[in-house]
Amino acid sequence: MDEDATQLINKLPTPLEESKTADNNSTMPEPETMRIAFRYNQLTPVDSEQKPATSLGHYFDLTKTMSPDMLLAHDVTCWNGGELETNAPEFGSFNNPHYASLLSCIRSKAGEQQFNAASDESSKNVLRICLNSMGSPLWYGKQFSEDFLRFMVLLKAIVRNTLSVCLITVPLHLFNHLDDVYLSKKVRNMFDFSFDLEAFAGQMEEQANPAFKEYHGLLNITKITPFNSLASYHPKTRDLAFKLKRSKFVIEKLHLPPDIADEDGASKSQVPTMSCASVGGKSKLDF
């Protein structure tokens with residue numbers, strides 16, 4: 001409800017073809033050969049970017065939006081908060097009728113034959129559900145915590161019983177001002193995968209740090225569920241940063257340079273003293 005779903009879809013960037021991305025990767029300049037440390041020429045260059053196994057759906061042209069013909073060729077369903085369902089016995093009673101209306105829209109779409117796991121292999125498809133800014137102040141009302149948790153439980157049941165995946169963005173930092181101080185932990189416990197994006201916009205200290213000058217923010221992985229496996233996946237590092245390029249959203253390992261500037265400044269601030277006195281003349285043993 002924070003933003004019109006139709007306008008949000010019209011702002012989506014146009015995807016790039018795999019042939020163009022392959023050409024861009026092939027035209028990258030080769031690294032310069034080393035003359036002194038020539039043995040390092042045989043080693044592969046270090047690439048800290050977290051690349052997926054496939055390039056499908058990972059490259060976009062942010063300067064252009066999708067054409068209307070491309071959007072019409074796909075089955076897109078939008079919900080803008082209309083057609084409130086005051087009586088939805090299959091979902092129980094909500095104090096805020098928007099939750100029941102949204103669940104009814106998702107349930108009717110996920111109930112189609114192509115999203116049924118028992119349907120034929122040729123007609124199967126995956127339903128991609130995207131919910132933007134769930135739990136924002138526009139969703140507040142009486143017993144907000146109970147309604148929001150019930151909505152998440154019912155939504156998870158729909159996704160589990162159909163061929164569906166769901167991406168939800170939740171402003172968890174706003175939950176700190178609510179009466180239920182543990183609401184953010186309860187909501188995060190219902191997700192299979194959870195991560196936080198910490199943007200540097202408006203934070204002068206991080207922008208001034210030279211270690212973060214090429215990044216736009218940090219990515220913090222908060223939960224990885226062992227979904228369809230006995231043990232959860234453990235990444236090599238959780239120190240990740242992101243930056244937005246023209247063609248893709250890049251996630252890289254965060255490498256901090258050595259803090260040499262402070263050591264140089266400390267060495268310059270030392271004042272020459274006598275051999276029997278401590279540096280700076282602030283010790284009680286000085287005489």
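Residues numbered from 1 in each chain as written. Predicted model: local features only at pLDDT ≥ 70, side-chain atom pairs only at ≥ 80, totals over all residues. Heavy atoms only, no water.

- The chain goes by Elongator complex protein 4 in an unreviewed UniProt entry, where it is assigned to Anopheles coluzzii.
- One UniProt comment on the chain, placed under Pathway (unreviewed entry), says "tRNA modification; 5-methoxycarbonylmethyl-2-thiouridine-tRNA biosynthesis."
- Its UniProt record gives the chain the following Sequence similarities (unreviewed entry) comment, quoted word for word: "Belongs to the ELP4 family." (UniProt positions renumbered as here; feature names shortened; annotations may be inferred.)

## What to know about helix α6 (residues 183-190)
Link 1 in the chain: What α6 keeps buried is the set Leu-183, Ser-184 and Val-187. Buried residues along α6 cover an arc of 95° about the axis, so they all sit on one side. Opposite the packed face of α6, turned more than 90 degrees from it, sit the exposed residues Lys-185 and Asn-189.
Link 2 in the chain: If you follow the buried residues of α6, they end up packed against α5 (144-160). (Buried < 20%, exposed > 50% of the residue type's maximum accessible area, 1.4 Å probe, protein only. Helix = DSSP H or I, 4+ residues; strand = E, 2+ residues; numbered from the N terminus. Arc of directions from axis to C-beta. Contact = heavy atoms within 4.5 Å.)

## Side note on the packing of aromatic side chains
Link 1 in the chain: Following the criterion strictly, the structure yields 9 aromatic pairs and no others.
Link 2 in the chain: Consider the rings of Trp-79 and Trp-139, whose centres lie 5.9 Å apart with planes at 20°: the pair is stacked. Taken together, the residues Trp-79 in the loop between α3 (68-72) and α4 (97-110) and Trp-139 in the loop between β3 (127-131) and α5 connect sequence positions 60 residues apart. Pair check on accessibility: Trp-79 and Trp-139 agree, each one buried.
Link 3 in the chain: Between Tyr-140 and Phe-144, the ring centres sit 4.8 Å apart and the planes meet at 65°, which makes this aromatic pair edge-to-face. (Phe/Tyr/Trp six-rings, centres within 6.5 Å; stacked < 30°, edge-to-face > 60°.)

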